Amino acid sequence: MADSRRRDPDGPPRASLPRAGRRRLAGRCDPPPPGAGSRNAPHQQAPRRARLTHAAAPRGAAQQPPNLLEAAPHRAPPQPEPDASGAGSRRGAGAGAGLGAGRAQEAAFDSPPALRPRPSGAMAPPPPSPSMAPPGLIHSAPGLPDTCALFQPLVAAAGMSGPAAETPSAIQICRIMRPDDANVAGNVHGGTILKMIEEAGAIISTRHCNSQNGERCVAALARVERTDFLSPMCIGEVAHVSAEITYTSKHSVEVQVNVMSENILTGTKKLTNKATLWYVPLSLKNVDKVLEVPPVVYSRQEQEEEGRKRYEAQKLERMETKWRNGDIVQPALNPEPNTVSYSQSSLIHLVGPSDCTLHGFVHGGVTMKLMDEVAGIVAARHCKTNIVTASVDAINFHDKIRKGCVITISGRMTFTSNKSMEIEVLVDADPVVDNSQKRYRAASAFFTYVSLSQEGKSLPVPQLVPETEDEKKRFEEGKGRYLQMKAKRQGRAEPQP
């Protein structure tokens, strides 16, 4: 059968190429028509045929279209010399754009984004500002499979500045709340929020501790100050967790974290949580070695003095909690309602790889979430209603938990007011794969819960009935913490005994 395709009488047979490709190729290979420098000038019709340097493929063989970029590389139009007034540069820019408009647009259409040329005369995009930096993906902590965490440097608040420009003193993590983050009431689980808070603090503190040349380290959570749950967070809202370094001592970093919830349908934002965390840098070569922390620059001397006072106060409180390390929650048979033994609960968990960092130690956020779950079980057993986390007193991490350990999280009721319950939670680690180490106390904290009705209104809490002398002593200690915190909320200074 005769070939019916049109051939060039002076050249080889034309390749099998779409008409649009031949038109674009002709526009690249032929010289630009005269007078095309002005946008309003009439363009001459370029010839539709192009002389190809390659031969046609044999008949019956699969014919591949030629590489348009290799066949006709993009040629940048000449730049006119600017005149003294600058008008020539503007006219030249317009002429250059008009001269290569067709070829530049076609090259940009056919080439990949990394090879697309910028149109002649176009201004380069301005560099992003620090507050609008392009987000980069941050890998979320294990246990949050649908986490979409964004890192975005923020402007340091209260005049605070980080140690270097590439290590900002504040970051923000954003994540949408999904149904698997909900508790029984339908709100976001308090343990999930605590886990996000710890994740943000670990990122910024680890980055800061490695901001200077020296031995590499990872920041480990040592203590969490009192955390208040100001308002509930709902499923479908976006959590904005912002963390900022506010103080550094020789071997510790103070990080303050705020959590905002955003309703993406209405754009409404509200503050849900505030927390203060302390981290210590541990060497990657020897995890038992605590390294020195690079100092931060303070804009005012008062900031450093206030931070030093907070550091000394938390150091004393940590020393006071060590005497509780030998206290163990013992189960009781046939306990009476409203007693400590009736609602106390325990959870046993095997530490797996998904619970740990890259160095084989449990994430502080994982531990806090398990502690919140046990505290919630104790509160629900006591009042038999819907309960939510109101606040978390200081969480002290006494020792690291390694991968493979079996941890026992125990919770017991210590104090009840009219509308709140205080629950003590203890975490014990048992290294079953290491016979050289015995069971030890890893963490301890006090959680405060409130009872809610189906409509979300607070309900009276059944009063706790302490039986033993230890239970009565813990009840009085919890009452003292409750009155002290109540006085702080009311703005009155409680006299110290």
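In this report, the structure presented in the accompanying data block is examined. (Residues numbered from 1 in each chain as written. Predicted model: local features only at pLDDT ≥ 70, side-chain atom pairs only at ≥ 80, totals over all residues. Heavy atoms only, no water.)

The subject of this paragraph is the packing of helix 5 (residues 190-209) against helix 8 (residues 364-383). The contact between helix 5 and helix 8 brings their axes to 8 Å, and the two run at 160 degrees. Relative to helix 8, the element helix 5 lies roughly antiparallel. You can see that helix 5 and helix 8 cross each other, and the crossing is right-handed. Of helix 8, the residues touching helix 5 (which contributes Gly190, Gly191, Thr192, Leu194, Lys195 and Glu198) are Gly364, Gly365, Val366, Met368, Lys369 and Asp372. (Axes fitted to C-alpha atoms, helices over the stretch in contact; angles between N-to-C directions. Helix = DSSP H or I, 4+ residues; strand = E, 2+ residues; numbered from the N terminus. Parallel < 35°, antiparallel > 145°, perpendicular 65-115°, else oblique. Left-handed = near helix turned anticlockwise from the far one by under 90°. Contact = heavy atoms within 4.5 Å.)

This part is about the packing of aromatic side chains. Applying the stated criterion across every chain yields a total of 6 aromatic pairs. Arranged with centres 5.5 Å apart and planes meeting at 40 degrees, the rings of Phe415 and Tyr482 form a pair that is tilted. One end of the pair, Phe415, is in strand 12 (residues 406-416); the other, Tyr482, is in helix 9 (residues 469-489), with 67 residues separating them in the sequence. Over the ring of Phe446 we find Arg481; its NZ or CZ atom is 4.0 Å from the centre of that ring. (Phe/Tyr/Trp six-rings, centres within 6.5 Å; stacked < 30°, edge-to-face > 60°. Lys NZ or Arg CZ within 6 Å of the ring centre and 35° of its normal.)

This part covers the pattern of salt bridges. In total, this model carries 14 salt bridges according to the counting rule given. Lys250 is the partner of Glu292 in a salt bridge, and the nearest nitrogen-oxygen pair spans 3.9 Å. Here the residue Glu292 occupies a position in the loop between strand 8 (269-283) and helix 6 (301-321), and Lys250 occupies one in the loop between strand 6 (238-248) and strand 7 (253-262), the gap between them amounting to 42 residues. On the basis of relative accessible area, Lys250 is assigned to the exposed category, the value being 52%. Between Arg310 and Glu254 there is a salt bridge whose closest N-O contact spans 2.7 Å. Here Arg310, found in helix 6, pairs with Glu254, found in strand 7; they are 56 residues apart in sequence, far enough to count as distant. Using a relative accessible area of 0% as the deciding quantity, one classes Glu254 as buried. (Salt bridge = Lys/Arg side-chain N within 4 Å of Asp/Glu carboxyl O. Buried < 20%, exposed > 50% of the residue type's maximum accessible area, 1.4 Å probe, protein only.)

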